[in-house]
Amino acid sequence: MSSPEIMRRIVEAEKESKRILQEAEQEIAKMKKELPNKIASMRQEILREVAQQRERLLVEAEKAGAEDAEQIALETRKKVEALSRTREARRKQALEKAMALLLS
Amino acid sequence: MSSSLEKLVEDIIRESKTKAEELKKQALGQVEETLAKERADAVREADLIIRSAKSEADAERSRRISQAKQQARLLYLAEKNKVVRDVLNDLRSRLVRFAQDDPSYSQFLLKSIARGLEAVPSEAVKIALSERDIRRFKGTKMLEETLATTRTPRKAVLSDKPIARTGGAVVTSGDGKIRADCTFEARLELMEPRLLAEISRILFAS
């Protein structure tokens with residue numbers, strides 16, 4: 001093989017080597033360029049899920065609060081009914097005592 | 001010669017491929033590291049939002065419970081109050097009947113007058129009664145008997161002007177400056193806190 005031929009092969013190899021490196025740099029640049037969008041979409045996904053979770057928590061709490069309130073109201077109604085059924089004997093006793101106090 | 005040239009060419013290409021792979025690996029590592037850091041930040045932010053939502057939810061539930069308890073307490077107290085007031089109203093009706101036809105009413109009336117006379121330290125006093133009691137007193141010695149029970153001798157006159165009361169008497173000094181109201185209504189007003197407490201004690205004793 002002649003010297004010019006050897007030189008040509010080496011130059012071609014150098015060119016190929018440069019192309020390989022340039023291709024790698026382009027891939028890296030593309031990767032870096034896409035990074036902010038990847039981050040934004042990842043954040044968006046996490047925050048969307050958290051917003052749904054927050055909404056669920058508030059709705060559940062409101063429902064639980066309403067159930068508790070209903071239970072309290074029910075118990076109170078029972079107590080109030082029991083009060084209005086205060087036995088006649090006690091009412092009479094209270095009336096007699098009040099009368100006695102007033103006339104004393 | 002040809003084979004050593006081929007080797008040289010292969011070396012050049014392999015070296016650049018290796019370097020390219022290294023560069024890509026390094027860049028990928030940086031990207032993954034940045035993504036992981038950003039993810040951790042977002043998760044931390046999400047945790048804060050959830051923690052705050054839990055507090056908000058707990059507060060909302062507590063607010064509803066507290067509101068319901070407060071309403072229940074007011075309702076129960078109002079009902080209790082109604083039951084007590086009903087007894088007090090029964091007492092008022094009973095006093096009306098008592099003043100109308102109970103034989104022991106006269107005794108109470110005389111005691112009221114005596115109480116009024118003791119409260120008004122005046123030589124001359126005026127005694128005011130309800131219309132029914134004026135009729136009951138007229139032509140009897142009841143006033144004189146009552147005056148006799150007081151410690152000091154008094155000059156007492158029965159007022160012709162009736163008072164709008166259920167029963168009892170109002171004793172006024174001669175100059176009108178001192179007045180002792182010994183009627184049912186006055187006693188009820190004066191004793192109401194004690195009566196309410198006593199009625200409640202009997203009604204709601206466990």
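Residues numbered from 1 in each chain as written. Chains lettered and ligands numbered in written order. Predicted model: local features only at pLDDT ≥ 70, side-chain atom pairs only at ≥ 80, totals over all residues.

A.B. asks: Teacher, can you tell me more about the interface of chain A and chain B here?
C.D. replies: By a frequent convention, interface size equals the accessible area lost on bringing the separate parts together. Tallying the contact residues gives 53 residues for chain A and 56 residues for chain B. Of all elements in the fold, only α1 (3-84) and α2 (88-103) of chain A reach the threshold of two or more residues within the side of chain A that touches chain B. Residue composition of the side of chain A that touches chain B, by class: 32 nonpolar, seven polar and 14 charged. (Contact = placed C-beta atoms within 7 Å. Helix = DSSP H or I, 4+ residues; strand = E, 2+ residues; numbered from the N terminus. Nonpolar A, V, L, I, M, F, W, Y, C, P; charged D, E, K, R; others polar.)

A.B. asks: Please clarify how the pairing of strand β1 (residues 124-128) of chain B should be interpreted in this entry.
C.D. replies: Two faces belong to every sheet, and in a regular strand the side chains alternate between them. All names here are of chain B. Strand direction decides the pairing type here: β1 and strand β2 (residues 155-158), joined by four bridges, are parallel. Counted as the bridge partner of Lys 126 is Val 157 from β2. Of the strand pairs in this sheet, β1 and strand β3 (residues 168-173) are connected by four bridges, and their pairing is antiparallel. When the sheet's bridge partners are listed, Ala 128 is paired in β3 with Val 170. (Pairing = 2+ DSSP bridges.)

A.B. asks: Which parts of the structure should I look at to understand helix α5 (residues 184-203) of chain B?
C.D. replies: Quick reminder: α-helices carry 3.6 residues per turn. Residues three or four places apart thus point the same way. Between the first and last C-alpha of α5 of chain B there are merely 23 Å, a value that for 20 residues lags more than 12% behind the 28 Å anticipated at 1.5 Å per step. A bend of about 65 degrees at Met 191 of chain B is the largest found in α5 of chain B, and the proline Pro 193 of chain B appears one to four places after it. Tucked inside the fold, the buried residues of α5 of chain B contact α2 of chain A together with α1 (2-101), β3 and β4 (179-183) of chain B. (Expected span 1.5 Å × (residues − 1). Bend = angle between axes of the 7 residues up to and from the residue.)

A.B. asks: Help me out: how do you make sense of the sheet that holds β4 of chain B in this one?
C.D. replies: Remark on secondary structure: sheet strands pair via backbone hydrogen bonds, oriented parallel or antiparallel. Residue and element names in this part refer to chain B. With mixed pairing, the four strands of this open sheet are ordered in space as β2-β1-β3-β4. The open sheet terminates on both sides in strands that have one partner only, identified here as β2 and β4. Direction aside, neighbouring strands of the sheet carry axes that sit 20 degrees apart on average. Its contacts with the sheet place α5 against β3 and β4, and it is angled at close to 90 degrees to β4. (Axes fitted to C-alpha atoms, helices over the stretch in contact; angles between N-to-C directions.)

A.B. asks: What is the right way to read the packing of α1 of chain B against α5 of chain B from this model?
C.D. replies: All names here are of chain B. Contact geometry for α1 and α5: axes closest at 10 Å, N-to-C directions at 135 degrees. Overall, the two elements α1 and α5 adopt an arrangement that is oblique. Like other packed secondary-structure pairs, α1 and α5 cross with a definite hand, here right-handed. Judged by residue contacts, Val 83, Val 84, Val 87, Leu 88 and Leu 95 of α1 engage Phe 184, Leu 195, Leu 196, Ile 199, Ser 200 and Leu 203 from α5. Taken together, the residues of the contact of α1 with α5 break down into ten nonpolar, one polar and no charged. (Parallel < 35°, antiparallel > 145°, perpendicular 65-115°, else oblique. Left-handed = near helix turned anticlockwise from the far one by under 90°.)

A.B. asks: What is the right way to read the confidence of the model for chain B from this model?
C.D. replies: Note that predicted coordinates carrying low pLDDT should not be read in detail. Residues and elements named next belong to chain B. Residues with a pLDDT of 70 or more make up 98% of chain B, whose mean pLDDT is 91. Per-element mean pLDDT across chain B ranges from 76 in helix α4 (residues 142-149) up to 95 in β4. Interface confidence in the predicted complex, given as ipTM, is 0.75; pTM for the same model is 0.69. (pLDDT = per-residue confidence, 0-100.)

A.B. asks: Would you mind going over the nonpolar core with me for this structure?
C.D. replies: The tendency in soluble globular proteins is for nonpolar side chains to be buried as a group. Residues Ile 127, Ala 169, Val 171 and Ile 199 of chain B are the most contacted members of the largest nonpolar core, which totals 29 residues. Breaking this core down by element, the ones donating at least two residues are α2 of chain A together with α1, α2 (105-119), β1, β3, β4 and α5 of chain B. Of the residues forming this core, the biggest block, six residues, is contributed by α1 of chain B. Of the domains in this structure, domain 1 (1-102) and domain 2 (104-203) of chain B are the two that each give at least three residues to this core. Residues within four places of Val 171 of chain B in sequence aside, it is in contact with Ile 113, Gly 116, Leu 117, Ala 119, Val 120, Val 125, Ile 127, Ala 180 and Cys 182 of chain B. (Core = buried A, V, L, I, M, F, W, Y, C linked by C-beta atoms within 7 Å. Buried ≥ 20, exposed ≤ 12 C-beta atoms within 10 Å, placed from the backbone. Domains from an automatic or database assignment.)

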